[in-house]
Amino acid sequence: MSQTPAYQRILLKLSGEALMGSDSYGINRATIEQMVKEVKDVVEMGVQVAVVIGGGNIFRGVAPAAAGMDRATADYMGMLATVMNALALQDALKHIGVVSRVQSALTMQQVAEPYIRGKAMRYLEEGKVVIFAAGTGNPFFTTDTAAALRGMEIGADIVLKATKVDGVYTDDPKTNPDATRYESITFDEAIAKNLKVMDATALTLCRDQKMPLSVFSIFKQGALKRVVSGANEGTLVHV
Ligand SMILES: Nc1ncnc2c1ncn2[C@@H]1O[C@H](COP(=O)(O)OP(=O)(O)OP(=O)(O)O)[C@@H](O)[C@H]1O
Ligand SMILES: O=c1ccn([C@@H]2O[C@H](COP(=O)(O)O)[C@@H](O)[C@H]2O)c(=O)[nH]1
């Protein structure tokens with residue numbers, strides 16, 4: 001163990017969209033390799049790591065590609081996309097010697113274990129990374145909500161959202177260059193200001209269960225380790 005972590009068990013939400021890297025679709029090899037390296041660093045600190053991965057690099061139920069489709073059907077396609085990302089993540093972790101298990105909220109026994117809370121907790125205690133695939137298993141939700149939900153179920157100390165921006169801003173920094181970043185913000189303020197970095201269902205769930213949330217950049221090298229070490233990184237969202 002190299003450094004004393006601030007958290008013993010984390011739920012890490014990895015952006016699906018970020019997996020594209022500089023590509024316009026799918027999984028960029030260099031990007032996923034960098035992501036798993038960062039995960040390995042915190043596993044080596046002795047932190048128990050559970051992961052929820054998004055699917056925006058492959059399919060989103062509300063995307064133009066889904067226009068005209070029945071929303072629930074499109075959402076199931078989105079959940080299947082997260083299963084593909086979960087398998088790719090497991091494979092990349094394996095390549096660097098990190099043992100992981102994929103548990104899917106949609107049953108597909110030839111591909112992944114079903115989600116079983118007790119089993120997931122056991123894997124975490126054994127030092128294995130647990131990757132939760134297929135979101136919540138229900139349409140009309142997102143993987144952000146799945147991250148909040150699974151984080152609570154497994155008794156995580158914090159939910160970490162690793163995304164394309166380096167924190168929560170006063171407005172979307174991708175479209176508003178004048179937006180400024182919060183070092184910390186309450187859930188109530190983030191919800192009241194309709195800050196769209198995380199969906200409102202996920203924010204509300206975290207607030208009600210007093211689960212802290214950290215938002216930081218997935219592209220900033222070492223950021224995950226800094227957050228886990230308790231350093232000032234990204235934005236802390238709290239009660
Ligand atoms: N107030 C805000 N502060 C920060 N980012 C914001 C804000 N409002 C909107 N955003 C946007 O939210 C995005 C992150 O949320 P989103 O859920 O779309 O992505 P993700 O979780 O990284 O991807 P995926 O859903 O594929 O896993 C950022 O890339 C940013 O452009
Ligand atoms: O619980 C869930 C999680 C996800 N979906 C669908 O999958 C896509 C991809 O997830 P992102 O969170 O956007 O990365 C999402 O847009 C939904 O269509 C779902 O239905 N239920």
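Let me begin by describing the structure that accompanies this report. (Residues numbered from 1 in each chain as written. Chains lettered and ligands numbered in written order. Predicted model: local features only at pLDDT ≥ 70, side-chain atom pairs only at ≥ 80, totals over all residues. Heavy atoms only, no water.)

Let's talk about the site of ligand 1
And then number 1: The full set close to ligand 1 counts 22 residues, and Ser-15, Gly-16, Thr-163, Tyr-169 and Asp-172 are the nearest of them.
And then number 2: Side-chain polar atom of Lys-164 to an oxygen atom of ligand 1: 3.4 Å apart, as the coordinates give it.
And then number 3: Isolated, ligand 1 exposes 640 Å² of accessible area, and the fraction of that covered by the protein chains is 88%.
And then number 4: Looking at the shell around ligand 1, its residues break down into six nonpolar, six polar and 10 charged. (Near = heavy atom within 4 Å. Polar contact = N/O pair within 3.5 Å; in protein donor to acceptor, adjacent residues only side chain to side chain. Areas by Shrake-Rupley, 256 points an atom, 1.4 Å probe, with all protein chains shown as cover. Nonpolar A, V, L, I, M, F, W, Y, C, P; charged D, E, K, R; others polar.)

Quick word on the site of ligand 2
And then number 1: Looking at ligand 2, there are 17 residues lining it, with Arg-60, Asp-75, Thr-136, Asn-138 and Thr-143 nearest.
And then number 2: A distance of 2.6 Å is found between an oxygen atom of ligand 2 and a side-chain nitrogen or oxygen belonging to Asp-75.
And then number 3: For ligand 2, an oxygen atom lies 2.7 Å from a polar atom in the side chain of Thr-136.
And then number 4: Calculation on ligand 2 without its partners gives an accessible area of 440 Å², and the protein chains cover 95% of this total.
And then number 5: With three residues, the single largest contributor to the shell around ligand 2 is helix H2 (residues 71–95).
And then number 6: Per-class residue counts for the shell around ligand 2 are five nonpolar, 10 polar and two charged. (Helix = DSSP H or I, 4+ residues; strand = E, 2+ residues; numbered from the N terminus.)

Observations regarding helix H4 (residues 143–153)
And then number 1: With eight of its 11 residues buried, H4 lies for the most part within the structure.
And then number 2: Where H4 begins, the side chain of Thr-142 points an oxygen toward the backbone nitrogen of Asp-144, at a separation of 3.2 Å.
And then number 3: Phi turns positive one or two residues past the end of H4, at Gly-155, with a value near 70°. (Buried < 20%, exposed > 50% of the residue type's maximum accessible area, 1.4 Å probe, protein only.)

Brief notes about the pattern of salt bridges
And then number 1: Taken as a whole and judged by the stated rule, the model has 15 salt bridges.
And then number 2: Arg-71 is the partner of Asp-75 in a salt bridge, and the nearest nitrogen-oxygen pair spans 2.9 Å. Of the two residues, Asp-75 and Arg-71 are both situated in helix H2; the distance of four residues between them amounts to about one turn of the helix.
And then number 3: On the accessibility criterion, Asp-75 (8% relative accessible area) is buried.
And then number 4: The residue Glu-113 makes a salt bridge to Lys-119 at a minimum N-O spacing of 3.9 Å.
And then number 5: One salt-bridge network, in which partners are shared between bridges, spans Lys-13, Asp-144 and Lys-161. (Salt bridge = Lys/Arg side-chain N within 4 Å of Asp/Glu carboxyl O.)

Observations regarding the pairing of strand S1 (residues 9–14)
For a regular strand, side chains alternate in direction, first toward one face of the sheet and then toward the other.
And then number 1: Of all the six residues making up S1, six are buried; the element is thus mostly covered by neighbouring parts of the structure.
And then number 2: Here S1 pairs with strand S2 (residues 48–53) via six bridges, running parallel. Bridging across to S2, Arg-9 finds its partner in Gln-48.
And then number 3: Between the parallel pair S1 and S2, the chain is carried across by helix H1 (residues 29–43), and the sense of this crossover is right-handed. (Pairing = 2+ DSSP bridges. Right-handed = clockwise from strand over helix to strand, strands pointing away.)

Details of the sheet that holds strand S4 (residues 113–114)
Either a parallel or an antiparallel arrangement is found when strands of a sheet pair, and the pairing is made through backbone hydrogen bonds.
And then number 1: Strand order across the open sheet formed by nine strands is S4-S3-S5-S2-S1-S6-S8-S9-S7, with mixed pairing between neighbours. Across the chains shown, the open sheet's two edge strands, defined by having one partner strand only, are S4 and strand S7 (184–186).
And then number 2: Judged from the five bridges that link them, strand S3 (residues 100–104) and strand S5 (residues 129–133) form a sheet pairing that is parallel. Paired with Ser-104 across the two strands is Ala-133, which belongs to S5.
And then number 3: Sitting on the sheet, H2 touches S1, S2, S3 and S5, and the angle it makes with S5 is about 165°.
And then number 4: H4 rests against S1, S2, S5 and strand S6 (158–163) of the sheet, and its axis sits at about 170° to S1. (Contact = heavy atoms within 4.5 Å. Axes fitted to C-alpha atoms, helices over the stretch in contact; angles between N-to-C directions.)

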